[in-house]
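Letter by letter, the chains look like this.
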2 protein chains.
Amino acid sequence: MKFEAITIKHIAKALKLSVSTVSKAMRGSHEISEETKRNVLAYAREHNYKPNPIAQSLKRGRSKSIGVIVCNIDNNFFSQVINGIESIARQKDYNVIITQSQESYEREIANSEHLSSRSVDGLIISLSAETKNVDHFIKLHEKGLPMVFFDRVTDEIATHKVIANNYKGAYEATRHLLQQGFRRIAHITSSGSLSITLERLEGYKKALEDAGLEPDPDLIKFCPHGGMIPEETRQALNELLQLEQRPDAIFTASDRLSTTTLSLLRKMQIAVPQQIALVGFTNSISADIFHPSLTSVVQPAMEMGQLTTDLLIQLIESKRPVTDFKKRVLDTELKIRDSSLRTQ
Amino acid sequence: MKFEAITIKHIAKALKLSVSTVSKAMRGSHEISEETKRNVLAYAREHNYKPNPIAQSLKRGRSKSIGVIVCNIDNNFFSQVINGIESIARQKDYNVIITQSQESYEREIANSEHLSSRSVDGLIISLSAETKNVDHFIKLHEKGLPMVFFDRVTDEIATHKVIANNYKGAYEATRHLLQQGFRRIAHITSSGSLSITLERLEGYKKALEDAGLEPDPDLIKFCPHGGMIPEETRQALNELLQLEQRPDAIFTASDRLSTTTLSLLRKMQIAVPQQIALVGFTNSISADIFHPSLTSVVQPAMEMGQLTTDLLIQLIESKRPVTDFKKRVLDTELKIRDSSLRTQ
DNA sequence: TTTTTTTACGAAAACGTTTGCGGCGGGAAG
DNA sequence: CTTCCCGCCGCAAACGTTTTCGTAAAAAAA
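First, a word on scope: everything that follows refers to the structure included in this document. As the structure is a computational prediction, the values presented were derived from the model and not from experiment.

## Section: the side chain of Ser293(B)
Turning to step 1, where the next piece is worked out: Along the polypeptide, Ser293(B) turns up in the loop between β9 (277-281) and β10 (295-298).
Turning to step 2, where the next piece is worked out: In terms of polar contacts, Ser293(B) uses its side chain to reach the backbone amide nitrogen of Asp338(B), at 3.1 Å.

Written as structure tokens, this is what we have:
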């Protein structure tokens, strides 16, 4: 099954012109008479001519498409980011090719190779939880492939980055729990190799310290696979619950960890917030109908996607090599709901 | 900023061969000696040669990419479907280009034009709620562009379709409410022009009739924009609540409608299921931590995506025109949770 | 009128592949 | 000693563009 489109040749033949003339007319070149341009444009419009983007790509050496590597889209934070990416890309006539690493280092490498061999013009990346080594991206970056990181970024590559103010977001979340009177606040977080993990951890610790509390390593649990393996989260939670001094609140560091933790607590019949309070980083659109409604640190996901894409396209379209790289930090918002409120 | 890759020409020059020989060697042609093949393959591997997919596309007239049009990915049903699409596409070395209609007819048209002019080899489509007319797809289909519909399908185009058993899913959901003793069961659904809407509506009505109840038109509310406009859902719900005989249960027909309805009921302080019970079509991974946990009709979303993609690729790669089109119907699963349980 | 400039267009190469065909050399068959 | 065949490889065209360069004819300047 094939589907033949009209080409510049057909127009040339029909109008008794050369292909070059038609091409120039289509692009409004000054070396074509107004009359010819009108004729060509009219014919093109009438026959719904669209230049073949593949031929254009081959000629120009640019594909007008950008690749995206995220851990997974089945998650409100990332799907909102992608909404933002798409809106800008579309506006600037770029295609978006989305791939998912599922938090796997190997799949991240496979995706980056696939995308670059697919000749995307640039890459938007949020690292997988398993990733400890970014050589695969360094190699591509050295070859000149523009890339912008968001959310889970790396310091090893000099390029633009867009992140939320994770430190501040975590600080505020923890401070809120402290203000509510909780004292043994645990932290369930993602892989220790992720930038977001460290930043959020710092915010959490600082809030404790500012309240005169010493961060307790026993209360900090890492999930190396970012919660993609449910058992991982279950174990982290179990370890917390079996401490002699059980935590009275938990601060979870990502979307998936937050929902999984809430779900587990519910299954274990542990009342939230009466027995354990909960605050989580999440962009879930349903956080207000959770049981209990979940106090959340919300990231400006859509805006992050838009900003990231803007920066990437700037990079792609810049004539001269860019050396001035920005790290844009966007503020989060703490939405206080029931899961973190001190009862009685 | 450009990023030069190694081409067949470089290999040819290095090995003192012609480009055609290299090309044939790469593809294992029988008219090339084993030794030459070995040399070429070795050199290619060593220098990490990857054929330029754009040049291949131009030559072959196929782009090895498929376009997807869904209403929006910020929704567990669709993101799970896309997971399924991606897994098969990747496996068969196709790219996936995702676009969102946001339930808008105009954006759906714009997306279909954009994708087809981007020379995708085929289209995967779930219609927008606003769409009443599918001429834009008919035109593309007549030109020979392969397409497969899923979820929200149309009878006007003869091609493969993949849907859930909406009739049965709705029937079972309604019957479950009836078995729990509810009698005035309302139905909040999407646009009346959508296939899923009609099928679910039929299932709902049939269950009522089988229980000896007459479907009451006052209890059936349509949301022409599929719930993308929150006000729409609010109004539908308000109208139901203001009936002289208030419903004692609601059956919602889509992911977004379900979560929005639950959220509204909560804001209005209407106890679920005590005052009004709720069952909804939803693939939300968080349905079990909703307040109350939401009884859901779950669709096999991932499987639907996989099946759809399989069928599309069959269509794309088929030598002869396909005339035998299938409509695959997959069973849903009713997950009974708290929101539908009769209290006392 | 002759020369120069301008206008408007066409020819051809190039982007990186794939593929039909033609050719060269050597061994087998006549 | 010819003829034929076959294995192996290169030439060139093609996919649909863009772009450089060349060149007619018309217009302007001399």
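## Notes on unusual backbone geometry
Turning to step 1, where the next piece is worked out: With omega at 5°, the peptide bond leading from Val272(A) into Pro273(A) counts as cis.
Turning to step 2, where the next piece is worked out: By the secondary structure assignment, Pro273(A) is in the loop between α11 (255-267) and β9 (277-281).
Turning to step 3, where the next piece is worked out: With phi around 50°, Gln102(B) is a residue other than glycine that occupies positive phi space.
Turning to step 4, where the next piece is worked out: Among the structural elements, Gln102(B) can be located in the loop between β2 (95-100) and α6 (105-117).
Turning to step 5, where the next piece is worked out: Look at Gln102(B) and you get partly exposed, because its relative accessible area is 25%.

## Observations concerning the protein's contact with DNA strand C
Turning to step 1, where the next piece is worked out: Near DNA strand C, the surroundings consist of 26 residues, among which Thr21(A), Lys24(A), Glu31(A), Thr36(A) and Ser23(B) are the closest.
Turning to step 2, where the next piece is worked out: Protein-proximal atoms of DNA strand C, defined as those within 4 Å of the protein, fall in sugar or phosphate at a share of 57%.
Turning to step 3, where the next piece is worked out: Between Thr21(A) and DNA strand C, the recorded distance is 2.2 Å, taken from a side-chain N or O atom to a phosphate oxygen.
Turning to step 4, where the next piece is worked out: Ser33(A) is positioned such that a nitrogen or oxygen atom in its backbone is 2.9 Å from a phosphate oxygen of DNA strand C.
Turning to step 5, where the next piece is worked out: At the level of secondary structure, the elements contributing two or more residues to the surface near DNA strand C comprise α2 (19-26) and α4 (53-60) of chain A together with α1 (8-15), α2 (19-26) and α4 (53-60) of chain B.
Turning to step 6, where the next piece is worked out: Broken down by class, the residue content of the surface near DNA strand C amounts to seven nonpolar, 10 polar and nine charged.

## Thoughts on the sheet that holds strand β10 (residues 295-298) of chain A
All names here are of chain A.
Turning to step 1, where the next piece is worked out: The six strands lie next to each other as β7-β6-β8-β9-β10-β12, forming an open sheet whose pairing is mixed. Each end of this open sheet is capped by a strand with a single partner; those strands are β7 (220-222) and β12 (333-335). Taken pair by pair, the neighbouring strands of this sheet meet at an average axis angle of 15°, ignoring direction.
Turning to step 2, where the next piece is worked out: Direction of pairing for strand β8 (residues 249-252) relative to β9: parallel, over a ladder of four bridges. Each bridged residue has a counterpart across the sheet, and for Thr-252 the counterpart in β9 is Gly-280.
Turning to step 3, where the next piece is worked out: The strands touched by helix α8 (residues 166-179) within the sheet are β6 (185-189), β8, β9, β10 and β12, with β9 carrying the most contacts at an inclination of about 170°.

Analysis parameters
Residues numbered from 1 in each chain as written. Chains lettered and ligands numbered in written order. Predicted model: local features only at pLDDT ≥ 70, side-chain atom pairs only at ≥ 80, totals over all residues. Heavy atoms only, no water. Helix = DSSP H or I, 4+ residues; strand = E, 2+ residues; numbered from the N terminus. Polar contact = N/O pair within 3.5 Å; in protein donor to acceptor, adjacent residues only side chain to side chain. Buried < 20%, exposed > 50% of the residue type's maximum accessible area, 1.4 Å probe, protein only. Near = heavy atom within 4 Å. Nonpolar A, V, L, I, M, F, W, Y, C, P; charged D, E, K, R; others polar. Pairing = 2+ DSSP bridges. Axes fitted to C-alpha atoms, helices over the stretch in contact; angles between N-to-C directions. Contact = heavy atoms within 4.5 Å.

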